[in-house]
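Fold and contact review
As a plain string of letters, each chain reads:
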Amino acid sequence: MMYEQSDKLLYRRKRKPSYTVSAILASILLSVFLFPCQAIAKETYPPHLIQTVSDRDIYEGMLALELLKCPVLPEKNCEEAFEIVKNCVVRIQMGNAYGSGVIWEMTPENIVIATNKHVLEYWDEKVSYVHFPQGYFAQAEIFGVSSQYDVGFLKISNDEFTYRELEGLRYVCSDISAYENLQEGDAVFYVGAQEGETEGFFLGSIGDTKRYIEEFDEDMLYGYGYARAGMSGGGTFDARGNFIGMISGGTADSETASVPLGAILEAYEEIGKELSYEAD
């Protein structure tokens, strides 16, 4: 079958950003107020605050506690999981062309969007931008592209948002163990950028977690389902809402090819190393 790009293992975790003392204090206070049963073993009194906490400190505290990571369901339910993860998927507009992406990581300084390398071939900073489902529009720059996989990343400065807006965003849950536990026939769903009033949500199932596909010249997550034009760079999720791959293409016979999560993690690590070498 011919696959069409749908816009015409080092398994290392994402690096943890460092936080300021104020952010750590904010995270402690958030823990006290959000998890009182764990924090109060006997009668206690409100803490004596020795300094004020800024909006940035609160935001960084939420990052430190991973409160902005998209939650996953305890039980499998694709429709319910979609309602949780749909705000993690963005539209990458490049003039008259567009693709999809996912909020991959949020840091004290930036938001990182993961998408396909072939989507970023159309990227032109003069006319391109990222459209969030919450209605936000943001300028971005290419953070890096993989030398091996159909994966690339955009970087958006947090200055494009207020801290309240940032606190309303969520990044995908990229748990490699969820991918490793996938079995043939497992239910999945695909999410791409919204097209007008139509949401890019389609059900599918796992065909093979590692199938070489000549058109991409790499092992892909092979599935059964529908992927329409403009969904390249969007998310493939399991039935609990774990991000397990990135949509790269599909066929007229309802077959899909996604970049596996492990390859995305490896690509992100590769780009981080390249940037550190350049800094040196």
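Figured I'd write up the structure that's included with this text.

Rules used throughout
- Residues numbered from 1 in each chain as written.
- Predicted model: local features only at pLDDT ≥ 70, side-chain atom pairs only at ≥ 80, totals over all residues.
- Heavy atoms only, no water.
- Helix = DSSP H or I, 4+ residues; strand = E, 2+ residues; numbered from the N terminus.
- Buried < 20%, exposed > 50% of the residue type's maximum accessible area, 1.4 Å probe, protein only.
- Core = buried A, V, L, I, M, F, W, Y, C linked by side-chain atoms within 4.5 Å.
- Contact = heavy atoms within 4.5 Å.
- Lys, Arg positive; Asp, Glu negative; His and termini not counted.
- Salt bridge = Lys/Arg side-chain N within 4 Å of Asp/Glu carboxyl O.
- Polar contact = N/O pair within 3.5 Å; in protein donor to acceptor, adjacent residues only side chain to side chain.
- Arc of directions from axis to C-beta.
- Pairing = 2+ DSSP bridges.
- Phe/Tyr/Trp six-rings, centres within 6.5 Å; stacked < 30°, edge-to-face > 60°.
- Lys NZ or Arg CZ within 6 Å of the ring centre and 35° of its normal.

Describing unusual backbone geometry
We note that Asp 217 has phi near 55°; this positive angle belongs to a residue other than glycine. Here Asp 217 shows up in the loop between strand E10 (198-213) and strand E11 (218-225). Its relative accessible area of 56% is what places Asp 217 among the exposed residues. Unusually for a residue other than glycine, Ser 254 sits at a positive phi of about 60°. Exposure remark for Ser 254: the relative accessible area of 33% places this residue in the partly exposed category.

Let's talk about the nonpolar core
Formed by 47 residues in total, the largest nonpolar core has its most connected members in Trp 104, Val 151, Phe 153, Phe 189, Phe 237, Phe 243 and Ile 264. Setting aside residues up to four positions removed in sequence, Phe 237 forms contacts with Val 85, Val 89, Val 172, Val 188, Phe 189, Val 191, Asn 242, Phe 243 and Ile 244. In terms of nonpolar packing, the next biggest core, distinct from the first, is built from 24 residues, Ile 92, Val 119, Val 130 and Ala 138 among them.

Details of the side chain of Asp 150
Turning to its location among the elements, Asp 150 is positioned in the loop between strand E7 (141-145) and strand E8 (152-157). This buried residue, Asp 150, is left without a salt bridge; Lys 117 holds the nearest opposite charge, at 6.2 Å. Within the local environment of Asp 150, its side chain forms a polar contact with the backbone nitrogen of Lys 117, the two atoms lying 3.1 Å apart. A polar contact of 2.8 Å, which involves the side chain of Asp 150, links it to the side chain of His 118. Apart from residues lying up to four places away in sequence, Asp 150 is in contact with Thr 115, Asn 116, Lys 117, His 118, Phe 216, Glu 218, Met 246, Ser 248 and Val 259.

Re helix H4 (residues 78-85)
Residues Cys 78, Ala 81, Phe 82 and Val 85 constitute the buried set of H4. Along H4, the residues classed as buried sweep out an arc of 105° about the axis, all on the same side.

Focus: the sheet that holds strand E4 (residues 110-115)
Either a parallel or an antiparallel arrangement is found when strands of a sheet pair, and the pairing is made through backbone hydrogen bonds. Strand order in the open sheet made by the 7 strands is E6-E5-E2-E3-E4-E8-E7, with antiparallel pairing throughout. Of all the strands in the sheet, the pair left with one neighbour each is strand E6 (137-138) and E7. Pairing between E4 and E8: 6 bridges, direction antiparallel. For Val 112, the partnering residue across the bridge sits in E8 and is Lys 155.

Comments concerning the packing of aromatic side chains
Under the definition given, this model contains 15 aromatic pairs. When the ring of Phe 153 is compared with that of Tyr 268, the centres are 4.9 Å apart and the planes differ by 50°; the resulting orientation is tilted. Of the two residues, Phe 153 sits in strand E8 while Tyr 268 sits in helix H8 (residues 261-279), which places them 115 residues apart along the sequence. Under the relative-accessibility criterion, Phe 153 is labelled buried at 0%. Residue class for Tyr 268 comes out buried when judged on its relative accessible area of 6%. Three or more aromatic residues joined by ring pairs form one cluster here, namely Phe 82, Trp 104, Phe 143, Phe 153, Phe 189, Phe 201, Phe 237, Phe 243 and Tyr 268. Against the face of Tyr 98 rests Arg 91, its NZ or CZ located 3.5 Å from the ring centre. It is Arg 211 that lies over the ring of Tyr 222; its NZ or CZ is 3.9 Å from the centre.

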